[in-house]
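Here is how the chains run, residue by residue.
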Amino acid sequence: MNDIDIRKIVKEELNNIAPEVDMDHIEPTADLREAMDIDSMDFLNFITAVTHRLSIDIPEVDYPKLVTLNGAVAYIGAKLRSSGR
Amino acid sequence: MAEFRMPSLGADMEAGTLVEWLVKPGDHVKRGDIVAVVETQKGAIEIETFETGRIEKFLVDLNSKVPVGTPLAEIWAEGEAEPVVAAAAPPVTPAARPLAAPAPLITPSPPVVPSAVGMRASPAARRLAKERHIDLSTVTGSGPAGAIIYADVERLGAAGAAPERKRAPGLDLNAMRVAIAAAMARSKREIPHYYLEHQVDVTACEQWLTAHNTTLPPDNRLLFGALTIKAVALATRRFPAFNGFYRDNKFEPAQAVHIGVAISIRGGGLAAPALHDADRISLDELMASMRDLVQRTRAGRIRGSEMSDPTITVSSLGERGVEALYGVIYPPQVAIVGFGKVVERPWVIDGAIGPRSVVTMTLAADHRVSDGHAGALFLAEIGKLLQEPDKL
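Residues numbered from 1 in each chain as written. Chains lettered and ligands numbered in written order. Predicted model: local features only at pLDDT ≥ 70, side-chain atom pairs only at ≥ 80, totals over all residues. Heavy atoms only, no water.

Engineer: Quick question: what am I supposed to make of the sheet that holds strand β3 (residues 28–29) of chain B here?
Structural biologist: Whenever strands of a sheet pair, they do so through backbone hydrogen bonds, lying parallel or antiparallel. Residue and element names in this part refer to chain B. Taken in spatial order, the four strands make up an open sheet running β1-β8-β6-β3, and their pairing is antiparallel. Looking at the sheet topology across the chains shown, the edges are occupied by β1 (2–5) and β3. Pairing between strand β6 (residues 53–58) and strand β8 (residues 71–76): four bridges, direction antiparallel. From the neighbouring strand, I55 faces β8, where its bridge partner is I75. (Pairing = 2+ DSSP bridges. Helix = DSSP H or I, 4+ residues; strand = E, 2+ residues; numbered from the N terminus.)

Engineer: Got a minute to help me understand the pairing of strand β10 (residues 244–247) of chain B in this structure?
Structural biologist: Looking along a regular strand, one sees side chains alternate from face to face of the sheet. Residue and element names in this part refer to chain B. Across four bridges, β10 lies against strand β11 (residues 250–253) in antiparallel orientation. Bridging from a neighbouring strand, G244 pairs with P253 of β11. What sits between β10 and β11 in their antiparallel hairpin is a turn of two residues, with D248 showing a positive phi close to 50°.

Engineer: Help me out: how do you make sense of helix α8 (residues 372–385) of chain B in this one?
Structural biologist: Helical geometry: 3.6 residues make up each α-helical turn, so side chains three or four residues apart lie on a common side. Here α8 of chain B is 14 residues long and its end C-alpha atoms lie 20 Å apart, about the 20 Å a rise of 1.5 Å per residue gives. In this fold, the buried residues of α8 of chain B make contact with β9 (193–201), α5 (224–238), β17 (312–316), β18 (335–339) and β20 (352–366) of chain B. (Expected span 1.5 Å × (residues − 1). Contact = heavy atoms within 4.5 Å.)

Engineer: Is there a simple way to explain the interface of chain B and chain A in this structure?
Structural biologist: Every contact between the two is made by 21 residues of chain B and, on the other side, 27 residues of chain A. Of the roughly 2,000 Å² buried between chain B and chain A on both sides combined, carbon and sulfur atoms contribute 44%. When residues of chain B are sorted by the area they lose upon contact with chain A, R221, R266 and R320 of chain B head the list and together hold 34% of the total. For the pair chain B and chain A, the interface holds six salt bridges. D39 of chain A is paired through a salt bridge with R298 of chain B; the nearest N and O atoms lie 2.8 Å apart. (Buried area = accessible area lost by both parts, 1.4 Å probe. Salt bridge = Lys/Arg side-chain N within 4 Å of Asp/Glu carboxyl O.)

Engineer: I'm lost on the pattern of salt bridges in this one. Help?
Structural biologist: Oppositely charged side chains may form a pair once their charged atoms are brought near each other. If you walk through the whole model with that rule in mind, you get 29 salt bridges over all chains. Residue D24 of chain A pairs with K11 of chain A through a salt bridge whose shortest N-O separation is 3.5 Å. Residue D24 of chain A is located in the loop between α1 (3–17) and α2 (32–35), and its partner K11 of chain A is located in helix α1; the two are separated by 13 residues in the primary sequence. Residues R356 of chain B and D201 of chain B are paired through a salt bridge, measuring 2.7 Å at the closest nitrogen-oxygen approach. Residue R356 of chain B is located in strand β20, and its partner D201 of chain B is located in strand β9; the two are separated by 155 residues in the primary sequence. Among the residues examined, R356 of chain B registers a relative accessible area of 24% and is labelled partly exposed. (Buried < 20%, exposed > 50% of the residue type's maximum accessible area, 1.4 Å probe, protein only.)

Engineer: Is there a simple way to think about the sheet that holds strand β5 (residues 43–48) of chain B in this case?
Structural biologist: Residues and elements named next belong to chain B. What the five strands build is an open sheet, ordered β7-β2-β4-β5-β16; its pairing is mixed. The outermost strands of the open sheet, each flanked by one partner alone, are β7 (65–67) and β16 (302–303). Relative to strand β4 (residues 34–40), strand β2 (residues 15–21) runs antiparallel, the two being bridged by four bridges. Paired with T17 across the strands is E39, a residue of β4.

Engineer: In this structure, what is going on with unusual backbone geometry? I would like to understand it.
Structural biologist: When glycine is set aside, most residues are seen to have a negative phi, and most peptide bonds are trans. Residue and element names in this part refer to chain B. Here the amide bond leading from P331 into P332 is cis, since omega sits at 5°, within 30 degrees of zero. The phi dihedral of D277 falls on the positive side, at around 50°, and the residue is not glycine. Here D277 shows up in the loop between β15 (274–275) and α6 (283–298).

Engineer: Mind showing me how you'd approach the environment of L222 of chain B here?
Structural biologist: Examined against the element boundaries, L222 of chain B turns out to sit in the loop between α4 (203–214) and α5. You can call L222 of chain B buried: its relative accessible area is 2%. The spatial distance from the C-alpha of L222 of chain B to the C-alpha of T210 of chain B is 9.3 Å, given a sequence separation of 12 residues. The residues contacting L222 of chain B, other than those within four sequence positions of it, are E60 of chain A together with W208, L209, H212, N213, L283, D284 and M287 of chain B.

Engineer: Would you take a moment to explain the environment of G318 of chain B for this structure?
Structural biologist: Residues and elements named next belong to chain B. When you line up the elements, G318 lands in the loop between β17 and β18. Taking the relative accessible area as the measure of exposure, G318 reaches 31% and is therefore partly exposed. Along the chain, G318 and G225 lie 93 residues apart, while their C-alpha atoms are 7.8 Å from each other.

Engineer: I'm lost on helix α4 (residues 69–82) of chain A in this one. Help?
Structural biologist: Residues and elements named next belong to chain A. Over its 14 residues, α4 runs 20 Å from end to end, which matches the ideal 20 Å to within 8%, given 1.5 Å per residue. Taken together, the buried positions of α4 are L69, G71, A72, V73, Y75, I76, G77 and L80. Buried residues along α4 sit in contact with α1, α2 and α3 (40–54). Following α4 by one or two positions, G84 has its phi on the positive side, about 75°.

Engineer: Help me understand the side chain of R298 of chain B, please; the structure alone is not making it clear to me.
Structural biologist: Position of R298 of chain B relative to the elements: it lies in helix α6. Using a relative accessible area of 18% as the deciding quantity, one classes R298 of chain B as buried. Of the polar contacts made by the side chain of R298 of chain B, one reaches the side chain of D42 of chain A; its length is 2.9 Å. (Polar contact = N/O pair within 3.5 Å; in protein donor to acceptor, adjacent residues only side chain to side chain.)

Structure, rendered in structure tokens:
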């Protein structure tokens, strides 16, 4: 799975939480919690959805690495590569 | 025989519109089952039955607006009578037709929008459609499960207008704002609020949560909000004057603790449905209930009991808000506890200054029922409970 696929999945899952947000207008380096008005429950639901969809583990301590689009894509990409995917 | 009636979903509700049956005559229901959807000013609300038995027949047509207390269906206890449908003879009433009969089960008496019977649409969408004489069956819904929302009808009215950006909830935020306005105006008009504020070191909670969550998958992780709800619920046991309703010029303490959880809705809405028995369930159960409640509320699927049951409200700003919020009591409740965002602050512990995680708690309470002295003890009790998260 390449970064384009991962970015698409991340955007889809974020859109499930905030359907009215046009993901193409979200700055890749913006804090998603601010840019999309996501609270801690939304963020937990996002993490839960991604871990289920991609079968990866995202410990709570790593949350800060996933608060931007670029950060989330990079983190998930590294996780998938480390498991040989 | 028991009757399933139009419930009261709040002190201000006088009537409701039956918009959907989720059961059909002959179905067996038990206490707590969701049997119908009723449209109120607060949106479409799922209604549970308090009876166990068999749905015998429907007593009102879909889309009928009826006063609170109107019987909507007959429910017969098991063994109370042989089902009418068992006979080979033609059914006596259309509503009691055999189970095999396909939907729709509703008699074609003239509802407001005849072709839209059984169709899911938000209250504002229905109202606008009625105003503009638009047949809802010609409208394509863009809400959850194809529900028709205000924007869908509006779009149809303004021909040639550019399609709106897709919207999240099938919730009717306009109607919700009207309901919030009515409740809050009544609160400020009738309830003599007093306010207290208390800062609490919640480092213990944060450390405990980090340790607790580290071994768990995201599905089972706890949020700080779950601890605050549990702490408030437990504190009401020692301070019952903050848990209950003020009605007919007197305070009625509640036996159970159902915390109204203030949930913000994308696009500018707010609801505070009940998290039932928050003092008795485990933190894991409480967290699961809270996730479910938030999800359903944001999707516009609140249940009737959740609207009318809260005995005290908790409102939290979460991690991105400001440090304190001063709540407005939701009548007929008598108290609301607010939590600001958790911030790191210099704090004195054992004579030394160190960085600690601190939250500002507030209490708005009804002076007809309690005084600042009791309120202070109540708020302090919540703070004490948060010092020992493992005991929550």
